[in-house]
Amino acid sequence: AQTLRSAIAAGLLAVGGWSGARPRFPGQQAFVAMTVVMALWIVCSVTEHAAVEAGCKVTVALASWLFILAQPPLYALFLYQYVNSETRASALRARALMMVPTVVLVAMAWTNGWHGLFYGPATTLGPPVAGLPRMRYDYGPLFHAAIVLNYLWMALALVLVLRGWRTARPSQRGQWVAFLAMMAVPTAANLAYLVGRVQQRLQ
């Protein structure tokens, strides 16, 4: 699993590099940033799973929320600019305001040691899985708020993909299917994390 995730991260960086080298297209900067963020998220996941000490695992997990929370709005921004053929940023103030909840949640994750609202005091090492130690996270209210926020962004992205697919010519609809497939990567990773969380509670 670690090798597969590392390969996916490398593939995302390759896609980002290739996209950045292409002639300018609507949403290019957001798309490149999204691929880098997704790759760094996977790197954090691999690092957290490989770490042995509880403190190191929690530190990496909290740090990774920057990438977890940045990916969905970047994808939605890319799709919005792509669908609307934007080649430069517009309505910057409105978009900055939309990012406020994401910025606040990242800040709260990074200051979790002060309030414990992301991961609570019951967070501890659990039994190893596949030879690697696993954490039992005590999920607080801000963790659930972050999950809800991410799925709201992904819902917006899905609406934009479906809109683009519906208005595209038949010969161009394949790219929108590819965009939908790209959504499956972070969504599957997030669902796997949530399923693991449920399994931990049932043990």
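No experiment lies behind these values; they were computed from the predicted model shown.

A. Representation of the pairing of strand β2 (residues 132-136). Of the two faces of β2, only one is covered, namely that formed by P133 and M135; the face formed by L132, R134 and R136 stays uncovered. One ladder, built from four bridges, connects strand β1 (residues 124-129) with β2; its direction is antiparallel. Its bridge partner being in β2, V129 is matched across the sheet by L132. A loop of two residues connects β1 with β2, the two strands running antiparallel in sequence, and A130 in this loop sits at a positive phi of about 55°.

B. Up close: the packing of aromatic side chains. According to the stated counting rule, one finds 15 aromatic pairs in the structure shown. Both rings, one in Y75 and one in F78, keep their centres 6.2 Å apart while their planes meet at 25°; by these two values the pair is stacked. Taken together, the residues Y75 and F78, both in helix α4 (residues 65-83) and three residues apart, mark about one turn of the helix. Seen in terms of ring centroids, F78 and F179 are 5.3 Å apart; in terms of plane orientation they differ by 85°. Their pairing is edge-to-face. Placement of F78 in helix α4 and of F179 in helix α9 (residues 173-202) is noted, with a sequence separation of 101 residues between them. One exposure class covers both F78 and F179, and it is buried. Following the ring pairs from residue to residue traces out a cluster consisting of F31, Y75, F78, Y82, W176 and F179.

C. Spotlight on helix α3 (residues 54-63). The complete set of buried residues in α3 reads K57, V58, V60, A61 and L62. Buried residues in α3 make contact with α2 (28-50), α4, α6 (100-110), α7 (112-115), β1 and β2.

D. Region of the structure containing a nonpolar patch on the surface. Among the surface-exposed residues, L13, V36 and L40 lie close enough to one another that they form a single nonpolar patch of about 220 Å² accessible area. Among the secondary structure elements, V36 is positioned in helix α2.

E. Highlighting the packing of helix α1 (residues 2-21) against α2. One can describe the packing of α1 onto α2 by two numbers: an axis separation of 9 Å at closest approach and a directional angle of 160°. Here α2 runs roughly antiparallel to α1, going by the angle between their axes. Judged by the twist between their axes, the crossing of α1 over α2 is left-handed. Taken together, the residues of the contact of α1 with α2 break down into 14 nonpolar, nine polar and one charged.

F. Fine view of the packing of α2 against α3. Here α2 crosses α3 at 165°, and the two axes come no closer than 8 Å. In this view, α2 runs roughly antiparallel relative to α3, as classed from their interaxial angle. As α2 packs across α3, the resulting crossing turns out to be left-handed. On α3, the residues touching C44, T47, E48 and H49 of α2 are K57, V60 and A61. Looking at the contact of α2 with α3, its residues break down into three nonpolar, two polar and two charged.

G. Representation of the environment of G27. Secondary-structure assignment places G27 in the loop between α1 and α2. The exposure class of G27 is buried, given its relative accessible area of 4%. G27 sits 57 residues away from N84 along the chain, and the two C-alpha atoms are 9.4 Å apart.

The rules behind each value
- Residues numbered from 1 in each chain as written.
- Predicted model: local features only at pLDDT ≥ 70, side-chain atom pairs only at ≥ 80, totals over all residues.
- Heavy atoms only, no water.
- Buried < 20%, exposed > 50% of the residue type's maximum accessible area, 1.4 Å probe, protein only.
- Helix = DSSP H or I, 4+ residues; strand = E, 2+ residues; numbered from the N terminus.
- Pairing = 2+ DSSP bridges.
- Phe/Tyr/Trp six-rings, centres within 6.5 Å; stacked < 30°, edge-to-face > 60°.
- Contact = heavy atoms within 4.5 Å.
- Patch = residues over 30% accessible without salt bridge, like charges linked within 9 Å, V, L, I, M, F, W, Y side chains within 5 Å.
- Areas by Shrake-Rupley, 256 points an atom, 1.4 Å probe, with all protein chains shown as cover.
- Salt bridge = Lys/Arg side-chain N within 4 Å of Asp/Glu carboxyl O.
- Axes fitted to C-alpha atoms, helices over the stretch in contact; angles between N-to-C directions.
- Parallel < 35°, antiparallel > 145°, perpendicular 65-115°, else oblique.
- Left-handed = near helix turned anticlockwise from the far one by under 90°.
- Nonpolar A, V, L, I, M, F, W, Y, C, P; charged D, E, K, R; others polar.

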